Amino acid sequence: MTMPENGGEPVAALSLTSSTVDEITVIRVDGVLDATTRAQFADYLVMAGADLILDLAGVTFMDSRALGLIVHHWQTSLASGAKFALIGVEYSKSKVMWITGLAQRLPLYDTLDDALAAIK
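Residues numbered from 1 in each chain as written. Predicted model: local features only at pLDDT ≥ 70, side-chain atom pairs only at ≥ 80, totals over all residues. Heavy atoms only, no water.

- Under the annotation held in an unreviewed UniProt entry, the protein carries the name Anti-sigma factor antagonist and is attributed to Nonomuraea fuscirosea.
- The Sequence similarities (unreviewed entry) comment attached to the protein in UniProt states, word for word, "Belongs to the anti-sigma-factor antagonist family." (UniProt positions renumbered as here; feature names shortened; annotations may be inferred.)

As structure tokens, then:
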């Protein structure tokens, strides 16, 4: 947790919310994906179910460990025939995806509609 500048309540470094669209879980990720939030993110992914779209538009920073969790979930999805996609990925906040070459391999889409159309 980080303390806000206005002296109010502590602000969580990571906020995860989920919804269901066409029987696919959509997880919106807001905040930092790094060593301090890895366990929270991992636990949330486990509860998500097989078919998953991760909305990363709200990510402010991602490290290689968080990317490793995403890749693991993607590989598990591929192996089981489940649906998986990433949306809202921004280079400036997820550079590790490009540095590792995974941006060319992971199923990245601009919008939820694009992802749903591609993975159905």
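Moving on from the model shown.
## Quick look at the overall build of the protein
Next, step 1: For the protein, the count of helices and strands is four helices and five strands.
Next, step 2: Along the chain direction, N to C, the helices and strands of the protein fall in the order β-β-α-β-α-β-α-β-α.
Next, step 3: For a compact globule of 120 residues, the expected C-alpha radius of gyration is about 14 Å, and the protein comes in at 14 Å, within 12% of that figure.
Next, step 4: Principal-axis analysis of the C-alpha atoms gives the protein an extent of 45 × 30 × 25 Å.
Next, step 5: Sorting the 120 residues of the protein into buried and exposed places 41% on the buried side.
Next, step 6: In the protein, the proportion of contacts linking residues at least 24 apart, taken out of those at least 6 apart, comes to 61%.
Next, step 7: Summed over all atoms, the accessible surface of the protein reaches about 6700 Å², with 52% contributed by carbon and sulfur.
Next, step 8: Within the protein, the 14 negative side-chain charges are centred at a point lying 7 Å from the centre of the 8 positive side-chain charges. (Helix = DSSP H or I, 4+ residues; strand = E, 2+ residues; numbered from the N terminus. Rg over C-alpha atoms; globule rule 2.2 N^0.38 Å. Buried < 20%, exposed > 50% of the residue type's maximum accessible area, 1.4 Å probe, protein only. Contact = heavy atoms within 4.5 Å. Areas by Shrake-Rupley, 256 points an atom, 1.4 Å probe, with all protein chains shown as cover. Lys, Arg positive; Asp, Glu negative; His and termini not counted. Charge placed at Lys NZ, Arg CZ, Asp CG, Glu CD.)

## Looking at the UniProt feature "domain: STAS" (unreviewed entry) in the protein
Next, step 1: The sites that carry the UniProt feature "domain: STAS" (unreviewed entry) are, in the present numbering, residues 14-119.
Next, step 2: With 39% helix and 33% strand, the stretch residues 14-119 has end C-alpha atoms that lie 27 Å from each other.

## A closer look at helix α1 (residues 38-48)
Three or four residues apart is the spacing at which side chains of an α-helix point the same way, because the helix has 3.6 residues per turn.
Next, step 1: Listed in full, the buried residues belonging to α1 are Phe41, Ala42, Leu45 and Ala48. Relative to the axis of α1, the buried residues are bounded by an arc of 115 degrees and lie together on one face. Facing away from the buried side of α1 by more than 90 degrees, the exposed set consists of Ala39, Val46 and Met47.
Next, step 2: A positive backbone phi angle near 95 degrees is found at Gly49, which sits one or two residues after α1. (Arc of directions from axis to C-beta.)

## Considerations on the packing of α1 against helix α2 (residues 64-80)
Next, step 1: At a closest axis distance of 10 Å, the pairing of α1 and α2 adopts a crossing angle of 10 degrees. Between α1 and α2, the angle is such that the two are roughly parallel. Facing α1, whose interface residues are Arg38, Phe41, Ala42 and Leu45, α2 presents Arg65, Ala66, Leu69, Ile70 and His73.
Next, step 2: Per-class residue counts for the contact of α1 with α2 are six nonpolar, one polar and two charged. (Axes fitted to C-alpha atoms, helices over the stretch in contact; angles between N-to-C directions. Parallel < 35°, antiparallel > 145°, perpendicular 65-115°, else oblique. Nonpolar A, V, L, I, M, F, W, Y, C, P; charged D, E, K, R; others polar.)

## Details of the confidence of the model for the protein
Next, step 1: For the protein, per-residue confidence averages 90 on the pLDDT scale, and residues scoring 70 or more make up 90% of the total.
Next, step 2: The least confident element of the protein is α1, whose mean pLDDT is 93; the most confident is strand β4 (residues 84-87), at 98. (pLDDT = per-residue confidence, 0-100.)

## As for the sheet that holds strand β3 (residues 52-62)
Next, step 1: Strand order in this open sheet of five strands is β1-β2-β3-β4-β5, and the pairing throughout is mixed. Looking at strand neighbours, the two that pair on one side only are β1 (14-21) and β5 (108-109), the edges of this open sheet.
Next, step 2: Here strand β2 (residues 24-33) pairs with β3 via eight bridges, running parallel. Directly across from Val26, in β3, lies its bridge partner Ile53.
Next, step 3: Helix-sheet contacts for α1 involve β1, β2 and β3, and the interaxial angle to β1 is about 10 degrees.
Next, step 4: Set on the sheet, helix α4 (residues 112-119) makes contact with β1, β2, β3, β4 and β5; between it and β4 the angle comes to about 160 degrees. (Pairing = 2+ DSSP bridges.)

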